[in-house]
Amino acid sequence: MIPFVGEVFGKKDFSKNCLDHHFFVVIDADGVNVTTLHEKYCDIIQHTIKSKKISRYSCRRSKVNPSYEFFSPIDARNRCVVTTLHIPVSLEEELRQKGIERLQKNRAKISTDLLNMPVHTAMTELSKIHEISKEELVQKSVREGWFNDMPWYIEICKQLPLIFFTKVTA
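Residues numbered from 1 in each chain as written. Predicted model: local features only at pLDDT ≥ 70, side-chain atom pairs only at ≥ 80, totals over all residues. Heavy atoms only, no water.

Caption draft 1: A look at the sheet that holds strand β1 (residues 20–28). Sheet architecture is open: four strands sit in the order β1-β4-β3-β2, paired in mixed fashion. Strand pairing shows two members of the sheet lacking a second neighbour, β1 and β2 (58–61), which therefore form its edges. Across the sheet, the mean angle separating the axes of adjacent strands is 20° when strand polarity is ignored. Across five bridges, strand β3 (residues 67–71) lies against strand β4 (residues 79–87) in antiparallel orientation. By the bridge assignment, Phe71 is partnered in β4 with Arg79. Across the face of the sheet, helix α1 (residues 2–10) comes into contact with β1, β3 and β4 while running at roughly 160° to β4. (Pairing = 2+ DSSP bridges. Helix = DSSP H or I, 4+ residues; strand = E, 2+ residues; numbered from the N terminus. Axes fitted to C-alpha atoms, helices over the stretch in contact; angles between N-to-C directions. Contact = heavy atoms within 4.5 Å.)

Written out as structure tokens, the structure reads:
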């Protein structure tokens, strides 16, 4: 986050335009409680700002949504909002599970093999089976609605319009 925010506040015209900049980040929670992650991110952001002696901007965590507002200490109208949403386990693990469900041939044998290998290796193998790249596998999963019934995916889809079309309050 910090490099993106730094670029926003490093732009010459940022303070003249008084524009809000919004970033949306989806992160694997790896089974960790999301509230705990937000607190941890906030601590890391604050520590980074302090340790790198960044004075162009400060940061505060929203108490009502999973976002962080970076603002100019000189003019608080200049701000950048980063909103985070989480996949409970990992996108790779979710892709492996859904990819296995969609296998047509030799499903039992291939499923066992894919489940017994490291998740990133399984992603590579699933991509080969589908004859596409890993990036294309992710795109295919979205296009074909592999996660449409998953609570985390529903929440991300629900939050996207709210994030981009309303003001985020701190």
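Back to the text.
Caption draft 2: The packing of helix α6 (residues 119–130) against helix α7 (residues 134–143), seen in detail. It is at 9 Å that the axes of α6 and α7 come closest, and there the two elements cross at 80°. By the angle between their axes, α6 is roughly perpendicular relative to α7. Contacts from His120, Met123, Thr124, Leu126, Ser127 and His130 of α6 reach α7 at Lys134, Leu137 and Lys140. Here the residues of the contact of α6 with α7 sort into three nonpolar, four polar and two charged. (Parallel < 35°, antiparallel > 145°, perpendicular 65-115°, else oblique. Nonpolar A, V, L, I, M, F, W, Y, C, P; charged D, E, K, R; others polar.)

Caption draft 3: Inspection of the packing of aromatic side chains at higher detail. Throughout the structure, instances matching the rule amount to five aromatic pairs. Geometrically, the ring pair formed by Tyr41 and Tyr68 is edge-to-face, given 6.5 Å between the ring centres and 65° between the ring planes. Of the two residues, Tyr41 sits in helix α3 (residues 34–51) while Tyr68 sits in strand β3, which places them 27 residues apart along the sequence. Ring geometry for Tyr57 and Phe70: centres 5.8 Å apart, planes at 75°, overall edge-to-face. With a gap of 13 residues between them, Tyr57 in the loop between α3 and β2 and Phe70 in strand β3 connect regions that are remote in the sequence. We note that Tyr57, like Phe70, is buried. In textbook terms, an aromatic cluster arises when at least three aromatic residues are bridged by ring pairs, as seen for Phe147, Trp152 and Tyr153. It is Arg60 that lies over the ring of Phe71; its NZ or CZ is 4.0 Å from the centre. (Phe/Tyr/Trp six-rings, centres within 6.5 Å; stacked < 30°, edge-to-face > 60°. Buried < 20%, exposed > 50% of the residue type's maximum accessible area, 1.4 Å probe, protein only. Lys NZ or Arg CZ within 6 Å of the ring centre and 35° of its normal.)

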